[in-house]
Structures are given as C-alpha cells and as structure tokens.
Amino acid sequence: MRAHPAGPLHGDGLPHTTLPPAPDTTAMARIDAQIWPATARRDPQGRLVVGGQPVTDLVARHGTPVLLLDEADFRARAAAFQAAYTDPDVPGLVSYAGKAFLSGTTVRWLAEAGLGLDVCTGGELGLAMAAGFPPERITLHGNNKSDAELRAALAAGVGRFVIDSLDEVDRLADLAASAGAVAHVLVRVTTGVEAHTHEFIATAHEDQKFGLSLTSGAAREAVLAVAARPSLALLGIHSHIGSQIFSTAGFEVAAHRVVQFIAELAGAEGLTMAELSLGGGMGIAYLPGDDPVAPVAMADALRVIVAGECQRRGLPVPRIGVEPGRAIVGPSMVTVYEVGTVKPVEYRTGAWRTYVSVDGGMSDNIRTALYDAEYTVVLANRVSSAPAMLTRIVGKHCESGDVVVRDAWLPSDVGRGDLLAVAATGAYCRAMASNYNMIARPPVVSVRAGNDQVVLRRETQADLLALDPALAGAGPTADHQGGVVGAGLP
Ligand SMILES: Cc1ncc(COP(=O)(O)O)c(C=O)c1O
C-alpha cells in the first residue's frame, strides 16, 4: 500500500506516467465528446457550457466546488444500457450500481428508464426506498450484511439478494422464514478473473473479500445450501470481475467458468439457473484516446459469449444481468473548482511544474490519491492563448497526497479566481466524499436545457457541527466556510 508521509517530496512519490508533449492552445481548450458530458461545449466567449448554461453563471449561483450533472447525458446513458439488454431471445437485466453515485433525483430517473438498482448497504436501500424506487427491481449486495439490513430488505420486498458468504445463507433463510417471505437469491462466485481496462488476469483463486470460490467448493456448498431452504428461491449466479474494463475478454473467461459451474450443478443436482449476472465494471473515457466499448457492443458480445457457452453444454440460456455504475453516471458529471494559489516548484534541478491549488480536493475526489486515477482538466471560464504549462492540480487539504490531477497542461496564465473543470467525476467522487479537515461536501446540481436544479445541496458548517454533542446548541455565529458563492470570479 502506498504511504502518505508528510514532506516536500511526497508529491513525487506518486508514480509518473509518461506525459504527452505540450499541447497547443486549441488542444488545451478542446472539449472532447468522448470524455465530457453530451451537452458540454465552449460558447463564443470561450466559457465551458454544460446543460445550456455557462459554468460561470452556474458557479455564480451555486459556488465552488460544485459537481454539475448533465441530466440529458445521464438519462441517455441509462436508456442506452436499458435498450442494449432487451433482446427477446436472451433477456437482460440492467441494474445501476448505486455505489457510484446515489441521489433521490437520479434514482427517480433510473426508475423512469426501467432499470434495476443495485444497493450494497441499508443506507443505500433506505435512499432507494425513500425515493420510491420499485423494491422488486432492487438487488441487495454486501459482503457483511447485518441482520437489520436483511430484515429491512425483506420487509421492503427487495427483488434479489446476492449471497456473499455461507453464513449468510442460513441467516437470510431464517429471517425470511420468520417474516413469512421467500427471498430470491443469487450466489456471488469468484471466478479467479480480475479485469481492468485492456488487461485481465485469470488464476484459479482469488484473494479478496467478495464472493465464494468456484475452485474451493465454497460456491457449490452455498448453492446447495440455498436450494435446501424453502424460504430461499435460487435465481442464479453472480460474478463481478473488475472495473474500468474496455475489453470483453475477461468477461469471456469468467462466463466460461460460471457456465461450466452451472452445467455441473445441472448435471449433478438437477438445478437450473434463470439468471447469470456478470456484474459491473464497464469502462469510460477519462483521457483523450481512451476507447471504452459502447453498451450495445458490450451487450452483443456478452450475449454471444453466454449463449454460446450455454448452447455448447445444452443448457437453457439464462437472463443476463449487468450492473453498470461508472458507465452511466461517470461521464455525466464535471467538477468545477476555483483556483486559489499558483506556485511554481522546481521538482528536479532545472525541471519545473506549477502547483495549482483549488478549493476542494481529496474530500470531493479521493480517486487520484486512492487509485492513481487520471483525469482531464480544462480552464473553464475562458480560453487563453498563453502557451501550455505543466501543472499539478492539488486541493486545500492538509495532506501532500491531496492531488486532483497529477499532471495537466494548462495555459501558463492560469491564476487565482480562474475556474477549472475536471471531466468524468460522476462516479465514486461525490459518493466517496468525506469531511476531512471539516470541509463541507460540495453540492450536485443537475443542468438541462438552460435550467439547473440542486440534486444534493452543499453541506454547511452547521451540518457538521450538528453531529458533535459537545457543540449542540452552540451553533456557528458565522459559516466559516463562507465566501464560496461566486467569490472572486473574473
Ligand atoms: C458487484 C458490483 N457490481 C457493480 C459494480 C459497479 O462497478 P462500475 O461502477 O465499475 O460499473 C461494482 C463495483 O465495485 C460491484 O462491486
């Protein structure tokens, strides 16, 4: 695991990628359709526009940092997935992975589009129920579901439970029996396949907390235990192989192994599986040149793989489930920050980069620190004819690993008060946000055809102090995080 020691060299402790050559001013200002939300473009004044409004106007109303959610883009991606899995011969089931980002508004959009919803805690389930999401279209995941969470899901009438451990089989069966319910169950298996972008590795074993191993016999034991309990109805098998996947090869190996397992169960135990979920992990473009597979092409490939594997073994073709999170919400949001300080640093003799500090950071986007994630960032309030300058976009936290974009080319006249927009921040950014350094989490504002609507409001200092009984009633005399709304815009 990478450590986060304090100290001046820590920024260079991050791995280096090979930087592309300095772009020209046109390339630096470009809004690449593959990376940015569908409605993003530059207006004649050079301002970034999303959902029909310049970000300068949106920031004047909502402050910075702010996550702008392109409603049309989100809805179009959800609809594209839904349409891609409607083959009458091989029916599909698309469940949006709520962990990527959840809000009442987006959950309602997903319900309208006909998708299912994957939740993995009682909290996510509670949000879905509060938003009125149809419970029969909800799948409950989780490697450590509490009895209270299972009870709540049974009471809500959740459509699918994904069993993740042997112990959970009996707990769920007992709780369902005492509630007079029958829980529909998929067993999550580990196939030994771990996939990421263009690569995957396939071993016989997996050293991770999720799922039940095919090779050790744990998966088989769990399936038989489910089949033996009248309060559980065995629906199928679940497998999730990774994230940010650009190729179908890993799914092919995983499907091959799972279908082999299904065939063994059919032959030896006479069990049939109505569903095979291949999980999520469909990738998106973060950088120029990233080339994710379109949902329809991925769906076609998965159908061919699963149908082929089943037909070869004389098995009925199960319904194919997928759980995209990032591929729906990721590209539909951008984060807009305001620049506070600009500091040139000689990081090696004669080699300079400029640290550009913004008014958010690892509390609204932990992915760079956690996964070495890479992002595209542009100057958003204007275009510039200044030459490119190598920058590192950093946050305002008391932590030298607080990096938003490790290496970025920005116009060399970038300065205090400028706005920077980071693309493709919809997934695992606001959802993983924290209050580190007592920073209030930023709002999410949906934008569409010139209208904007708060989807999640900005936290306030009062929200944070309200959690602390020692301060109950003290109430801030002023919001010391103030000054964010439209401050200092050029
Ligand atoms: C079981 C399961 N399904 C779906 C997802 C969503 O993945 P992604 O957002 O990469 O599509 C995850 C992510 O970790 C997962 O664990």
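About the thresholds
- Residues numbered from 1 in each chain as written.
- Predicted model: local features only at pLDDT ≥ 70, side-chain atom pairs only at ≥ 80, totals over all residues.
- pLDDT = per-residue confidence, 0-100.
- Helix = DSSP H or I, 4+ residues; strand = E, 2+ residues; numbered from the N terminus.
- Contact = placed C-beta atoms within 7 Å.
- Domains from an automatic or database assignment.
- Nonpolar A, V, L, I, M, F, W, Y, C, P; charged D, E, K, R; others polar.
- Pairing = 2+ DSSP bridges.
- Axes fitted to C-alpha atoms, helices over the stretch in contact; angles between N-to-C directions.
- Buried ≥ 20, exposed ≤ 12 C-beta atoms within 10 Å, placed from the backbone.
- Right-handed = clockwise from strand over helix to strand, strands pointing away.

**Q** Looking at this structure, I do not really get the confidence of the model for the protein chain. What am I missing?
**A** A low pLDDT score tells you not to read the predicted coordinates there in detail. Averaged over all residues, the pLDDT of the protein chain equals 93, while 93% of them reach at least 70. Within the protein chain, the lowest mean pLDDT, 37, falls on helix α1 (residues 10–13), and the highest, 99, falls on strand β4 (residues 66–70). Scored below 50 in pLDDT, residues 483–490 shows 15 contacts in the model against residues more than four places distant or in partner chains.

**Q** Just checking my understanding: could you explain the domain arrangement of the protein chain for this structure?
**A** It is common to give the size of an interface as the accessible area that goes away when the parts come together. Segmentation of the protein chain into domains returns domain 1 (20–70 + 331–471) and domain 2 (71–330). Spacing between the C-alpha centres of domain 1 and domain 2 amounts to 33 Å. Counting residues at the interface gives 27 residues for domain 1, matched by 23 residues for domain 2. Of all the secondary structure elements, the ones that give two or more residues to the side of domain 1 that touches domain 2 are β4, β23 (444–448) and β24 (451–456). When residues in the side of domain 1 that touches domain 2 are grouped by element, the largest group, 4 residues, is from β23. Taken together, the residues that form the side of domain 1 that touches domain 2 break down as 15 nonpolar, 7 polar and 5 charged.

**Q** How should the sheet that holds strand β11 (residues 199–202) be read in this particular structure?
**A** Backbone-to-backbone hydrogen bonds join strands into a sheet, with any given pair of strands oriented parallel or antiparallel. The 3 strands are arranged β11-β10-β14 in an open sheet whose pairing can be described as mixed. Single-partner strands in this sheet number two, and they are β11 and β14 (242–245). Taking the axes of each pair of neighbouring strands and ignoring which way they run, one obtains an average angle of 20 degrees across the sheet. Bridge count between strand β10 (residues 193–197) and β14: 3 bridges; the pairing is parallel. Within β14, the residue paired with Ala195 across the bridge is Gly242. In this fold helix α10 (residues 249–269) packs onto β10, β11 and β14, with an angle of close to 165 degrees to the strand it touches most, β10.

**Q** So what exactly am I meant to see when it comes to the pairing of strand β8 (residues 160–163) here?
**A** Looking along a regular strand, one sees side chains alternate from face to face of the sheet. By the alternation rule, side chains of β8 split into Arg160 and Val162 and Phe161 and Ile163, which are all buried. Sheet topology note: the strand β7 (residues 138–140)/β8 ladder contains 2 bridges and is parallel. Residue Leu140 lies in a different strand from β8, and its bridge partner there is Phe161. Relative to strand β9 (residues 183–190), β8 is paired through 3 bridges, and the arrangement is parallel. Looking across to β9, one finds that Phe161 is bridged to Val185. Handedness of the β-α-β unit built from β8, helix α8 (residues 166–179) and β9 comes out right-handed.

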